[in-house]
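Read off the chains here:
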Amino acid sequence: MLSDQAATIRILILYVTAGAGHRRAAQALAQAASARYPQADVSCVNLLDYTPQWFRHGYGWTYLMLVRHVSWLWNASYHFLDSGFGYRVIQPLRRAWNLLMTQHFMPWLRGQQPSIILATHFFPADVCSAAKQRGELSAPLVVVVTDWHPHRFWLSPQAEAVVVATQESAVACERFGIARERLHVVGIPVGQAFGASVNRAALQERFHLHPTRRTVLVASGGTTVGQFERVVESLVALEWVRPGLLQLLVVCGEDEQTRRRLMERAQRSAMPMSVFGFVDYMADLMAVSDLMVAKAGGLTVSEALGRGLPLVCYHVIPGQEHMNALYVAQGGAAIIARTPHEVAAAVQRCFSEPSFLTSMQAAAK
């Protein structure tokens, strides 16, 4: 789609801050694009910045409210809208609503005159598809699906390319009506740091880790969902079962209150535990860890696999995260644990059966 004559290339990457993963995927694409086309103008834009303030704040809040308090409703909505009937009924209304909310975006987009547009969320993918359908946008559109299952909301018949994670994802897209020649089985984009070589001993020293203990990385995602603190407590309790075996790196994301509570907990913990808030060095934390306990967000899973790091997936949100977790579990790189007790049991098994953990690491790689 792009020639190597990069001086005139304007690459626009659109995302939405509904969870941190879509932004991280956009940043990974920007990093790769800048490396591939050093003379190009590469920019990442949050589409929500061009929507009304009440919509911008409510977009992520509504999703969190559903998955935290009425996950059954989210699950039902996810599957209904992924069905042919549900999609045909809702899509015209969804399209009209999306265009209404982004009426200030299109004039800005026309002024940018991008050479190519990449979308790492289905909201900008739909808005750009509508613009192409109306003849208002001529730049090629690449939709980058950031989950292992391509929900119908990702569908964009007007996109010149749809990038998916697996061959199974491509088959699903074909079934939904996307032409095979437009499908590219490339994977979910992650930052270059997740594949870079590291000095593990230096990282152990940097994070004050005991060299004889095994390291478990526990991550909440961008915002804390589920029984995160109880999961941490269940892992701390393993110190009384297997003294001296484990140490924890706990990442709380943007949840400052949880970080403070766990910092206090770490001070009286018999098991060594370091607590972090939002970090931009997750690749290093993954590189120094032996196992990760996390939600099954598409980017989290992909970044862990980039490091060859096996997973215990806790609090699997129905819908897209269930599909993500199922994929890596069936591939032997993860265990799905639905309660804090199951998380602790899974972690204990991994370190009680070295061959089992080795097989998970091999599957992740």
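To be clear, the structure that these remarks concern was listed above.
In this report, the structure presented in the accompanying data block is examined. In every chain, residue numbers begin from 1 and rise along the written sequence. Selection of residues for local features in this predicted model requires a pLDDT of at least 70, selection of side-chain atom pairs for listing and counting requires 80 or more, and totals for whole chains, interfaces and linings are taken over all residues. Side-chain numbers here rest on the full set of heavy atoms in the structure, without hydrogens or water.

### Remarks on the side chain of Arg265
A run of DSSP states H or I qualifies as a helix once it reaches four residues; a run of E qualifies as a strand once it reaches two. Both are numbered from the N-terminal end. Residue position: Arg265 is located in helix α10 (residues 256-267). Beyond its immediate stretch of four places on either side in the chain, Arg265 contacts Glu233, Val236 and Met273. Here a residue-residue contact requires only that any non-hydrogen atoms of the pair lie within 4.5 Å.

### Details of the pairing of strand β10 (residues 291-294)
Three exposure classes are used, based on accessible area relative to the maximum for each residue type with a 1.4 Å probe and protein chains only: buried under 20%, partly exposed in between, and exposed over 50%. On β10, burial covers both faces: Leu291 and Val293 on one face and Met292 and Ala294 on the other are all buried. Here strand β7 (residues 214-219) runs beside β10; their pairing, made up of three bridges, is parallel. Within the sheet, the bridge partner assigned to Val216 lies in β10 and is Leu291. Strand pairing follows a simple DSSP-based rule, namely that at least 2 bridges must link the two strands. As judged from the three bridges shared by β10 and strand β11 (residues 311-314), these two strands associate in the parallel manner. Directly across from Met292, in β11, lies its bridge partner Leu311. Handedness rule for crossovers: strands pointing away from the viewer, path from the first strand over the helix to the second running clockwise, crossover right-handed. A crossover links β10 with its parallel partner β11, the connecting element being helix α12 (residues 298-306), and its sense is right-handed.

### Focus on the packing of helix α2 (residues 53-69) against helix α3 (residues 71-82)
Fitted lines through C-alpha atoms give the axes, limited to the stretch in contact for helices. The angle between two N-to-C directions lies from 0 to 180 degrees. It is at 5 Å that the axes of α2 and α3 come closest, and there the two elements cross at 115°. Compared by their axis directions, α2 and α3 come out roughly perpendicular. Of the residues in α3, those in contact with Tyr63, Leu66, Val67 and His69 of α2 are Ser71, Leu73 and Trp74. For this scheme, ten residues count as nonpolar: Ala, Val, Leu, Ile, Met, Phe, Trp, Tyr, Cys and Pro. Four count as charged, namely Asp, Glu, Lys and Arg, and the remainder, Gly too, count as polar. Each residue belonging to the contact of α2 with α3 can be placed in one class, and the counts come to five nonpolar, two polar and no charged. Roughly parallel covers angles under 35 degrees, roughly antiparallel covers those over 145, roughly perpendicular covers 65 to 115, and oblique covers all other angles.

### What about the packing of aromatic side chains?
Between 30 and 60 degrees the pair is tilted, below 30 it is stacked and above 60 it is edge-to-face, where a pair is any two Phe, Tyr or Trp rings, Trp via its six-membered ring, whose centres lie within 6.5 Å. The full count for this structure, using the stated rule, is 18 aromatic pairs. Centre to centre, the rings of Tyr59 and Phe123 are 5.6 Å apart; their planes meet at 15°, and the pair counts as stacked. Residue Tyr59 is found in helix α2, and its partner Phe123 is found in helix α6 (residues 122-133); the two are separated by 64 residues along the sequence. By relative accessible area, Tyr59 is classed as partly exposed at 21%. Owing to a relative accessible area of 2%, Phe123 belongs among the buried residues under this scheme. Among the aromatic residues, those joined into a cluster by ring pairs are Trp54, Phe55, Tyr59, Trp97 and Phe123. Only lysine NZ and arginine CZ atoms are considered, and such an atom sits over a ring when it is within 6 Å of the ring centre and within 35 degrees of the ring normal. One Lys or Arg, Arg36, reaches over the ring of Tyr37 and ends 4.9 Å from the middle of that ring. Between the NZ or CZ atom of Arg349 and the centre of the ring of Phe356, over which it lies, the distance is 3.7 Å.

### Here we look at helix α1 (residues 21-36)
Its 16 residues give α1 an end-to-end C-alpha distance of 22 Å, which sits within 8% of 22 Å, the value for a rise of 1.5 Å per residue. Residues Gly21, His22, Arg23, Ala25, Ala26, Ala28, Leu29, Ala30 and Ala33 constitute the buried set of α1. On its buried face, α1 is in contact with β1 (10-15), β2 (41-46), β3 (116-119), β4 (141-144) and α12. What a helix is expected to span follows from its residue count: subtract one and scale by 1.5 Å.

### Re the sheet that holds β7
Overall, parallel pairing links the six strands, which are arranged β9-β8-β7-β10-β11-β12 in an open sheet. A strand with exactly one partner marks an edge of an open sheet, and here the two such strands are β9 (273-276) and β12 (334-337). Taken over all neighbouring pairs, the strand axes of this sheet differ in orientation by 15° on average, direction set aside. Running at roughly 110° to β12, helix α15 (residues 354-364) makes contact with β7, β10, β11 and β12 of the sheet.

### A look at the environment of Ala363
Along the chain, Ala363 falls in helix α15. Taking relative accessible area as the criterion, Ala363 reaches 34% and is therefore assigned partly exposed. Every residue in contact with Ala363, bar those within four places of it in the chain, is listed here: Gly331, Gly332 and Ala333.

Worth remembering: the numbers are spatial, not functional.
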